[in-house]
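# Secondary and tertiary structure notes
Residue-level listing of the chains:
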Amino acid sequence: MTDCIFCKIVAGEIPSKKIYEDEKIIVINDLNPGAPVHVLIIPKEHTENILTASSNLLPYIQAKLGEIVKTLGIAEKGFRIVINTGEDGGQSVNHLHFHVLGGKTLGWPPC
Ligand code: 5GP
Ligand code: ZN
């Protein structure tokens with residue numbers, strides 16, 4: 001989608017170091033990390049949020065998650081996945097993405 005920053009990253013129009021990539025998703029470091037490990041899992045196909053995503057996307061990401069968190073070194077101690085959605089949810093980029101945070105004991109609640 002024109003003017004979507006994550007579509008531009010997926011297309012390579014904005015350079016990024018991809019931690020993981022396959023035919024459906026990329027994983028990149030968040031520009032402003034909120035934890036020692038803070039990556040974004042970004043579906044290659046543009047969709048606005050979790051409500052508009054295809055129903056097979058979540059199972060697909062779950063199937064790849066073990067490998068991704070192992071690569072990041074956070075499989076053993078744990079991590080958090082966040083999907084900010086809409087205005088109240090704090091979504092600032094309207095291309096679905098999954099924050100994966102870890103590398104320290106995270107606080108709760110996050111608001
Ligand atoms: P949201 O607020 O929509 O849940 O998350 C968007 C995230 O994307 C933010 O954590 C922000 O730091 C990150 N972000 C925004 N622009 C870029 C960018 O150009 N590159 C990377 N790597 N992350 C970005
Ligand atoms: Zn997009």
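Source: prediction; values computed, not measured.

Rules and cut-offs
- Residues numbered from 1 in each chain as written.
- Chains lettered and ligands numbered in written order.
- Predicted model: local features only at pLDDT ≥ 70, side-chain atom pairs only at ≥ 80, totals over all residues.
- Heavy atoms only, no water.
- Donors = N, O, S within 2.8 Å, 3.2 Å for Na, K, Ca; no water.
- Tetrahedral: all angles 85-135°; square planar, octahedral: opposite > 155°, others 65-115°.
- Helix = DSSP H or I, 4+ residues; strand = E, 2+ residues; numbered from the N terminus.
- Buried < 20%, exposed > 50% of the residue type's maximum accessible area, 1.4 Å probe, protein only.
- Near = heavy atom within 4 Å.
- Polar contact = N/O pair within 3.5 Å; in protein donor to acceptor, adjacent residues only side chain to side chain.
- Areas by Shrake-Rupley, 256 points an atom, 1.4 Å probe, with all protein chains shown as cover.
- Salt bridge = Lys/Arg side-chain N within 4 Å of Asp/Glu carboxyl O.

## Here's the deal with the coordination of the zinc ion (ligand 2)
Coordination of the zinc ion (ligand 2) by the protein involves Cys4 (SG), Cys7 (SG), His46 (ND1) and His95 (ND1), with metal-donor separations of 2.0 to 2.3 Å. Angles of 104 to 117° at the metal separate the four donor atoms of the zinc ion (ligand 2), which places the site in the tetrahedral class. The motif formed by the donor residues of the zinc ion (ligand 2), counted along the single chain, is C-x2-C-x38-H-x48-H. With a gap of 88 residues between them, cysteine 7 in helix H1 (residues 5-11) and histidine 95 in the loop between strand S4 (79-82) and strand S5 (98-102) connect regions that are remote in the sequence. A residue is classified by how much of its surface remains accessible, and histidine 95, at 0% relative accessible area, is buried.

## Description of the site of ligand 1
Asn29, Asp30, Asn84, Ser92 and His99 are the nearest of the 16 residues found near ligand 1. Within the backbone of asparagine 29, a nitrogen or oxygen atom sits 2.8 Å from a nitrogen atom of ligand 1. Within the backbone of glycine 90, one N or O atom sits 3.1 Å away from an oxygen atom of ligand 1. Within the complex, the protein chains bury 82% of what would otherwise be the 520 Å² of accessible surface of ligand 1. Only H1 and strand S2 (25-29) provide two or more residues apiece to the shell around ligand 1. The element that contributes the greatest number of residues to the shell around ligand 1 is H1, accounting for three residues.

## Section: the pattern of salt bridges
For the coordinates displayed, the defined rule picks out three salt bridges. In this structure, the salt-bridge partner of aspartate 3 is lysine 8, at a minimum N-O distance of 3.8 Å. Judged by its relative accessible area of 68%, aspartate 3 falls in the exposed class. Taking the relative accessible area as the measure of exposure, lysine 8 reaches 28% and is therefore partly exposed. One salt bridge in this structure joins lysine 64 and aspartate 22, with 4.0 Å as the shortest N-O distance. Here lysine 64, found in helix H2 (residues 57-72), pairs with aspartate 22, found in the loop between strand S1 (18-21) and S2; they are 42 residues apart in sequence, far enough to count as distant.

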